Amino acid sequence: MESLTKTLGYSFRQPEFLFQALRHASYVNELGDPAMKDNELLEFLGDAVLDLAIGHLLMELFPDAQEGQLSKYRSMVVDESGLCQVALGLGLGEYILLGKGEEQSGGREKSSILANTVEALFGAIYLDGGFDKTAAVVRRFFFPLIEKVGSGEKVSDFKSLLQEFTQQKYKTLPKYHLIEESGPAHEKTFRVGLTLHEKVLAEGRGKSKKEAEQNAAREAFFCLKDL
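What this report covers is the structure whose coordinates are included nearby. Since the structure is predicted, the reported quantities are computational estimates derived from the model, not experimental observations. (Residues numbered from 1 in each chain as written. Predicted model: local features only at pLDDT ≥ 70, side-chain atom pairs only at ≥ 80, totals over all residues. Heavy atoms only, no water.)

A short note on the overall build of the chain
As a reminder, the rule being used: Helix and strand labels come from DSSP, where a helix needs a run of H or I of at least four residues and a strand needs a run of E of at least two; each type is numbered from the N terminus. Radius of gyration here is computed from C-alpha atoms only, and the compact-globule reference equals 2.2 Å multiplied by the residue count raised to the power 0.38. Exposure classes here rest on a 1.4 Å probe applied to the protein chains alone. A residue is buried below 20% of its type maximum, exposed above 50%, and partly exposed in between. Contact criterion: two residues are considered in contact whenever any of their non-hydrogen atoms come within 4.5 Å of each other. Method for areas: the Shrake-Rupley scheme with a 1.4 Å probe, in which residue coverage is limited to the protein chains shown. In this tally Asp and Glu are treated as negative and Lys and Arg as positive; neither His nor the chain ends contributes. A charge is said to be at NZ when it belongs to Lys, at CZ for Arg, at CG for Asp and at CD for Glu.
Along its length, the chain carries 11 helices and three strands. Along the chain, from the amino end to the carboxyl end, the secondary structure elements read α-α-α-α-α-α-α-α-α-α-β-β-β-α. Here the C-alpha atoms of the chain give a radius of gyration of 19 Å, agreeing with the 17 Å that 2.2 N^0.38 yields for 227 residues. Taking the principal axes of its C-alpha atoms as reference, the chain extends roughly 65 × 50 × 25 Å. Scored against the burial criterion, the 227 residues of the chain give a buried share of 46%. Sequence separation of at least 24 residues holds for 57% of the intrachain contacts in the chain that already meet a minimum separation of 6. With the model as given, the accessible surface of the chain reaches about 11900 Å², and the carbon-plus-sulfur share is 51%. Of the side-chain charges in the chain, 27 are positive and 34 negative, and the distance between the mean point of each set is 5 Å.

Shown next, in the form of structure tokens:
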């Protein structure tokens, strides 16, 4: 796990917390060891820790924002897409411990498993090192997402997320092409197709080509993740 802790920038005093964070329930159930814990309780704790740490960051960065706006920002940062971006940045998929069935069904690329493991990982850091050290790691990995929120960009940048995923898993990049442009000049609708290895994976619609591409990328990302 040395490469993971190096990427994290955090060394565990009690490595068992890290191993527990990476143990999916399918792995523990398959081994049948009653003394071994899966990562579900750490996921529960990590969800709360991330809410608190990111809440601190948001208040620091947007001191004049209202409570409702900060809540909206936080939900945008810690949604499944945001957590998956952090997981991919850590290369977390290759470290997760899965049961054989989940492994064979592509579990280490599934968005839900990646997102839940990120939460468990931050729960483990909190138990091992306390809030201040956890907040420092949160800042390192979530600050780029918070910056996007502040600039008005969508945190859920599915084009970037899909590109990173396909580059890692398929060693290629998705391609986008305009299928249709319809409607009057002031209210156009664009339909975009997305292909991977010359195979059509998804289509997306939007009021601009960029929006249509994002929608196509979102559909393709969750489709590929759940294969």
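Some points on the packing of aromatic side chains
Think of a pair of aromatic rings as described by two things: how far the centres are apart, and how the planes are tilted against each other in angle. We count it as follows: Each pair of aromatic rings taken from Phe, Tyr and Trp, with Trp reduced to its six-membered ring, is defined by centres within 6.5 Å and is described as stacked if the planes are under 30 degrees apart, edge-to-face if over 60, and tilted in the remaining cases. Comment: the charge-over-ring label is applied if NZ (Lys) or CZ (Arg) is within 6 Å of the ring centre and within 35 degrees of the ring normal.
Scanning the entire structure with this criterion turns up five aromatic pairs. Judged by centre distance (6.3 Å) and plane angle (80°), the ring pair of Phe165 and Tyr170 falls under edge-to-face. Judged by its relative accessible area of 2%, Phe165 is buried. One aromatic cluster is present, formed by Phe165, Tyr170 and Phe221 through successive ring pairs. Over the face of the ring belonging to Tyr176 we find Lys159, whose NZ or CZ atom lies 4.9 Å from the ring centre.

Topic: the pairing of strand E1 (residues 175–182)
If a strand is regular, its side chains alternate between the two faces of the sheet. Applicable threshold: Two strands make a pair as long as DSSP finds a minimum of two bridges between them.
Sheet topology places E1 next to strand E2 (residues 189–196); seven bridges connect them, and they run antiparallel. Considered in E2, the bridge of Glu181 is made with Phe190.

What to know about the sheet that holds strand E3 (residues 199–206)
To keep it simple, the criterion reads: Interaxial angle, 0 to 180 degrees, is taken between N-to-C directions of lines fitted to C-alpha atoms, where a helix line uses only the stretch in contact.
The strand order across the open sheet built from three strands is E1-E2-E3, with neighbouring strands paired in antiparallel fashion. Two strands bound the open sheet, and with one partner strand each, they are E1 and E3. Adjacent strand axes in the sheet meet at a mean angle of 25° when their direction is disregarded.

What to know about the environment of Leu42
By the element assignment, Leu42 lies in helix H4 (residues 40–61). A residue is classified by how much of its surface remains accessible, and Leu42, at 4% relative accessible area, is buried. Put simply, Leu42 and Gln14 are 28 residues apart on the chain and 14 Å apart in space, counted from C-alpha to C-alpha.

A few points about the packing of helix H2 (residues 15–22) against helix H8 (residues 111–129)
Rules: Should an angle fall under 35 degrees it is called roughly parallel, over 145 degrees roughly antiparallel, and 65 to 115 degrees roughly perpendicular, with every other angle called oblique. In a left-handed crossing the near helix is turned counterclockwise from the far helix by less than a right angle, and in a right-handed crossing that turn is clockwise. Three categories are distinguished: nonpolar for Ala, Val, Leu, Ile, Met, Phe, Trp, Tyr, Cys and Pro, charged for Asp, Glu, Lys and Arg, and polar for the others, with Gly belonging to the last.
Running from amino to carboxyl end, H2 crosses H8 at an angle of 165°, the nearest separation of the two axes being 8 Å. As far as their axial angle goes, H8 and H2 are roughly antiparallel. Crossing angle aside, the handedness with which H2 passes H8 is right-handed. Taken together, the residues of H8 that come into contact with H2 (itself represented by Phe17, Leu18, Ala21 and Leu22) are Thr117, Ala120, Leu121, Ala124, Leu127 and Asp128. Its residues assigned to classes, the contact of H2 with H8 comprises eight nonpolar, one polar and one charged.

Things to note about the nonpolar core
Our working rule: Among buried residues, the Ala, Val, Leu, Ile, Met, Phe, Trp, Tyr and Cys ones that are joined through side-chain atoms within 4.5 Å form a nonpolar core.
By size, the foremost hydrophobic cluster in this structure holds 58 residues, and its most contacted members are Leu8, Phe12, Ile54 and Phe142. The greatest single-element share of this core, amounting to nine residues, is contributed by H8. Discounting chain neighbours no more than four positions away, the residues touching Leu8 are Leu90, Leu121, Ile125, Val137, Arg140 and Phe141.

Considering the side chain of Glu213
Mapped onto the elements of the fold, Glu213 is located in helix H11 (residues 209–225). You can call Glu213 buried: its relative accessible area is 17%. Once residues lying within four places of it in the same chain are set aside, the contact partners of Glu213 are Lys159, Tyr176 and Val192.

Brief notes about the pattern of salt bridges
A pair can form between side chains of opposite charge whenever their charged atoms are brought close. Note the following rule: Salt bridge, as used here: a side-chain nitrogen of Lys or Arg that lies within 4 Å of a carboxyl oxygen of Asp or Glu.
Tallied over the entire structure, the rule returns nine salt bridges. Across the pair Glu198 and Lys175 runs a salt bridge, and its minimum N-O distance is 3.9 Å. Taken as a pair, Glu198 in the loop between E2 and E3 and Lys175 in strand E1 lie far apart in primary sequence, 23 residues in all. According to the relative accessible area criterion, Glu198 is exposed, its value standing at 67%. Here Glu180 ties to Arg191 by a salt bridge, and the two come within 3.3 Å at their closest N and O atoms. Of this pair, Glu180 sits in strand E1 while Arg191 sits in strand E2; the two residues are 11 residues apart in sequence, bridging distant segments of the chain. On the accessibility criterion, Glu180 (33% relative accessible area) is partly exposed. Each of Glu180, Arg191 and Glu203 takes part in a single network of salt bridges with overlapping partners.

That's the geometry; what it means functionally is another story.
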